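Reading the structure
The lines below spell out each chain.
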Amino acid sequence: MMRNRSILIATLTAALAATAAQAQSPKEQFNAETRRIATRYTDDKKLCGDEKDSGLRMQCLRDAKTEYDKSMALAKAQYKASPAKPGPCPDCGKVSSVVLGEKSGDSSALGLIAGGVAGALLGNQVGSGHGRQLATVAGAAGGAYAGKKIEEQAKSSKVWTVNVQYDDGRQAAFTFDHDPQMLSGDRVRNNNGQLVRN
């Protein structure tokens with residue numbers, strides 16, 4: 001009878017402790033659980049003391065001690081297995097802006113040569129004598145520059161710059177050659193140099 005009452009009390013106490021434990025840290029949960037186990041052990045020993053038969057009293061005390069040891073071992077194992085509370089994320093932040101721009105393409109010798117030849121041919125059509133030579137040289141130089149710029153423009157591409165404000169106040173910018181599908185205010189994380197949604 002006393003043992004059944006002890007088990008009922010222990011079950012109710014465990015249910016209450018589990019409800020309260022949801023809002024506690026692992027260390028607080030462990031401390032509360034060990035206090036609960038110690039209280040239950042003290043109550044069990046008092047119940048055992050009420051037993052008139054010495055043999056039954058000793059068996060009751062042994063059972064209470066065994067139950068106490070098992071409960072403490074379980075509480076320690078749960079505490080060791082509990083995940084550590086995550087700390088602050090130094091690489092987390094939010095998108096402050098996304099800017100779409102154009103990146104100039106790379107020019108090659110082909111653009112310079114083609115522009116230079118075209119400019120020289122046009123310059124050669126101007127003037128006569130020494131003036132024609134100067135016009136040809138100027139046309140070649142101007143054509144080479146124009147050819148370079150035309151090739152850069154033809155090879156240009158869009159670039160997205162995502163500006164990030166980290167939680168600790170730092171700022172950074174990440175460039176993408178495709179639409180990153182991020183908007184201002186999105187939570188992000190720098191994952192080894194790659195910007196990912198958080």
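**Notes on the packing of helix H2 (residues 26-49) against helix H3 (residues 54-81)**
At a minimum axis separation of 9 Å, H2 and H3 run at an interaxial angle of 175°. On the basis of their axis angle, the class for H2 and H3 is roughly antiparallel.

**Looking at the pattern of salt bridges**
Scanning the model with the defined rule gives seven salt bridges in all. A salt bridge links Asp 168 to Arg 170; its shortest N-O distance comes to 2.9 Å. Residue Arg 170 is classed as partly exposed on the basis of its relative accessible area, which comes to 39%. One network of salt bridges, with partners in common, ties together Asp 91, Asp 168 and Arg 170.

**As for the nonpolar core**
By size, the foremost hydrophobic cluster in this structure holds ten residues: Val 95, Trp 160, Val 162, Val 164, Tyr 166, Phe 174, Phe 176, Met 182, Val 188 and Leu 195. When contributions to this core are tallied by element, the ones reaching two or more residues are strand S2 (157-166) and strand S3 (171-176). Of the residues forming this core, the biggest block, four residues, is contributed by S2. In contact with Leu 195, not counting residues within four places along its chain, are Val 162, Val 164, Phe 174, Phe 176, Met 182, Val 188, Arg 189 and Asn 190.

**Let's talk about the packing of aromatic side chains**
On inspection of all chains with the given rule, the structure shows two aromatic pairs. Ring centres 4.6 Å apart and planes at 25° place the aromatic pair Tyr 41 and Tyr 68 in the stacked group. Of the two residues, Tyr 41 sits in helix H2 while Tyr 68 sits in helix H3, which places them 27 residues apart along the sequence. By relative accessible area, Tyr 41 is classed as buried at 18%. Classification of Tyr 68 by relative accessible area gives partly exposed; the value is 22%. Seen from the ring of Tyr 166, Arg 170 lies directly overhead, with NZ or CZ sitting 4.2 Å from the centre.

Conventions adopted
Residues numbered from 1 in each chain as written. Predicted model: local features only at pLDDT ≥ 70, side-chain atom pairs only at ≥ 80, totals over all residues. Heavy atoms only, no water. Axes fitted to C-alpha atoms, helices over the stretch in contact; angles between N-to-C directions. Helix = DSSP H or I, 4+ residues; strand = E, 2+ residues; numbered from the N terminus. Parallel < 35°, antiparallel > 145°, perpendicular 65-115°, else oblique. Salt bridge = Lys/Arg side-chain N within 4 Å of Asp/Glu carboxyl O. Buried < 20%, exposed > 50% of the residue type's maximum accessible area, 1.4 Å probe, protein only. Core = buried A, V, L, I, M, F, W, Y, C linked by side-chain atoms within 4.5 Å. Contact = heavy atoms within 4.5 Å. Phe/Tyr/Trp six-rings, centres within 6.5 Å; stacked < 30°, edge-to-face > 60°. Lys NZ or Arg CZ within 6 Å of the ring centre and 35° of its normal.

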